[in-house]
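Summary of the model geometry
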Amino acid sequence: MTSFGRSGVSDWLVQRVSAVILLAYFLFVAWVLLAGVSYTEWKGLFEATWMRVFSLMALLSLGAHAWIGMWSVLTDYLTERMLGSKGNVLRILAQLLTTLALFVYVVWGVQILWGY
């Protein structure tokens, strides 16, 4: 089992909760940008702890959302039934590369948010 959660229901719930967090985050960022913001105000916004926490929640939500989505696509389309004997090998390789990319992006995002 290589899914994010313990069952389809938990994966479904993580997918929905992460989508709501991402929607709230991107609507807020769009609202700030459309209202007009200077570089100093933008920098000040991201220096606030609440915004860093909100951004971290969005980053982790993006990672979880992307993993569940990619896992679903890869397990549906990279199979022995569809690709022959190499289907499972290709799926596992694609899952490892996806995991590595998501891990790097999340760690990089945390470093950007909380690094000084």
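Relevant structure appears above.
Basis of the calculations
- Residue indices begin from 1 for each chain and proceed along its sequence in written order.
- Local features in this predicted model are restricted to residues whose pLDDT is 70 or higher, and side-chain atom pairs enter the listing and the counts only when it is 80 or higher, whereas totals over whole chains, interfaces and linings include all residues.
- Excluded from the side-chain calculation are hydrogens and water; included are all heavy atoms of the structure.
- Axes here refer to lines fitted to C-alpha atoms; in helices the fit is confined to the stretch in contact. Angles between the N-to-C directions go from 0 to 180 degrees.
- Only DSSP runs of H or I covering at least 4 residues are called helices, and only runs of E covering at least 2 are called strands; the numbering of each starts at the N terminus.
- Roughly parallel means an angle under 35 degrees; roughly antiparallel, over 145; roughly perpendicular, 65 to 115; everything else is oblique.
- Should the near helix be turned anticlockwise from the far one by less than a right angle, the crossing is termed left-handed; should it be turned clockwise, right-handed.
- We call two residues contacting when some pair of their heavy atoms lies within 4.5 Å.
- Polarity classes work like this: nonpolar for Ala, Val, Leu, Ile, Met, Phe, Trp, Tyr, Cys and Pro, charged for Asp, Glu, Lys and Arg, and polar for all others, with Gly in that last group.
- Nonpolar side chains (Val, Leu, Ile, Met, Phe, Trp, Tyr) within 5 Å and like charges within 9 Å form the patches, drawn only from residues with over 30% relative accessible area and no salt bridge.
- Under the convention used here, a 1.4 Å probe and the Shrake-Rupley method define accessible areas, while residue burial counts only the protein chains that appear.
- We count a salt bridge whenever a side-chain nitrogen from Lys or Arg sits within 4 Å of a carboxyl oxygen from Asp or Glu.
- Expected span, for any helix, means 1.5 Å times one less than how many residues it has.
- Categorising residues by exposure relies on relative accessible area from a 1.4 Å probe, with only protein chains included: less than 20% of the type maximum marks a residue as buried, more than 50% marks it as exposed, and the intermediate range marks it as partly exposed.
- In this description, a nonpolar core means a group of buried Ala, Val, Leu, Ile, Met, Phe, Trp, Tyr and Cys residues linked to one another through side-chain atoms lying within 4.5 Å.
- In this analysis the probe radius is 1.4 Å and the grid spacing 1 Å, with only protein atoms considered; a cavity is a set of points the probe fits into but cannot get out of, a pocket is an open set with protein on both sides within 12 Å along at least five of seven lines, and lining residues have an atom within 4 Å of a point.
- Grid points are joined across faces, edges and corners, and a volume is the space filled by probe spheres set on the points.

**Focus: the packing of helix α1 (residues 8-35) against helix α3 (residues 49-77)**
- At a minimum axis distance of 8 Å, the contact between α1 and α3 shows a crossing angle of 135 degrees. One element, α1, and the other, α3, form an angle in the oblique class. Pair α1 / α3 crosses with left-handed handedness. Residues D11, V14, Q15, S18, A19, I21, L22, A24, Y25, F28 and V29 of α1 form the contact with α3, whose participating residues are W50, M51, F54, S55, M57, A58, S61, L62, A64, H65, I68 and G69.
- A breakdown of the residues in the contact of α1 with α3 according to their chemical character gives 16 nonpolar, six polar and one charged.

**With respect to a nonpolar patch on the surface**
- Together, L100, F103, V104, Y105, V107, W108 and I112 make up a nonpolar patch on the protein surface, roughly 770 Å² of accessible area in all.
- Inspection of the secondary structure assignment puts V107 in helix α5 (residues 87-114).

**Some remarks on the packing of helix α2 (residues 39-47) against α3**
- At a minimum axis distance of 5 Å, the contact between α2 and α3 shows a crossing angle of 75 degrees. For the element pair α2 / α3, the angle class is roughly perpendicular. Only T49, W50, M51, R52 and S55 of α3 make contact with α2, whose side of the interface consists of L45, F46 and E47.
- When grouped by side-chain class, the residues that make up the contact of α2 with α3 number four nonpolar, two polar and two charged.

**Comments concerning the environment of W108**
- If you trace the backbone, W108 turns up in helix α5.
- Taking C-alpha positions, W108 is 22 Å from V14, a pair spaced 94 residues apart along the chain.

**Focus on α3**
- The terminal C-alpha atoms of α3, which comprises 29 residues, lie 42 Å apart, in line with the 42 Å expected from a rise of 1.5 Å per residue.
- Within α3, burial applies to M51, R52, F54, S55, A58, L59, S61, G63, A64, W67, I68 and L74.
- Contacts from the buried residues of α3 go to α1, α2 and α5.

**Some remarks on the nonpolar core**
- Counting eight residues, the largest nonpolar core consists of L22, Y25, V29, V32, L45, M51, F54 and A58.
- Elements represented by at least two residues in this core include exactly α1 and α3.
- In contact with A58, not counting residues within four places along its chain, are I21, L22 and Y25.

**What to know about the layout of surface pockets**
- Of the pockets and cavities examined, the largest pocket occupies roughly 240 Å³.
- Taken together, L22, Y25, F26, F46, S55, A58, L59, L62, G109, I112 and L113 make up the lining of the largest pocket.
- Mapped onto the lining of the largest pocket, the elements with two or more residues apiece are α1, α3 and α5.
- Counting residues per element, the lining of the largest pocket draws most heavily on α3, at four residues.
- Looking at the lining of the largest pocket residue by residue, the classes come out as nine nonpolar, two polar and no charged.

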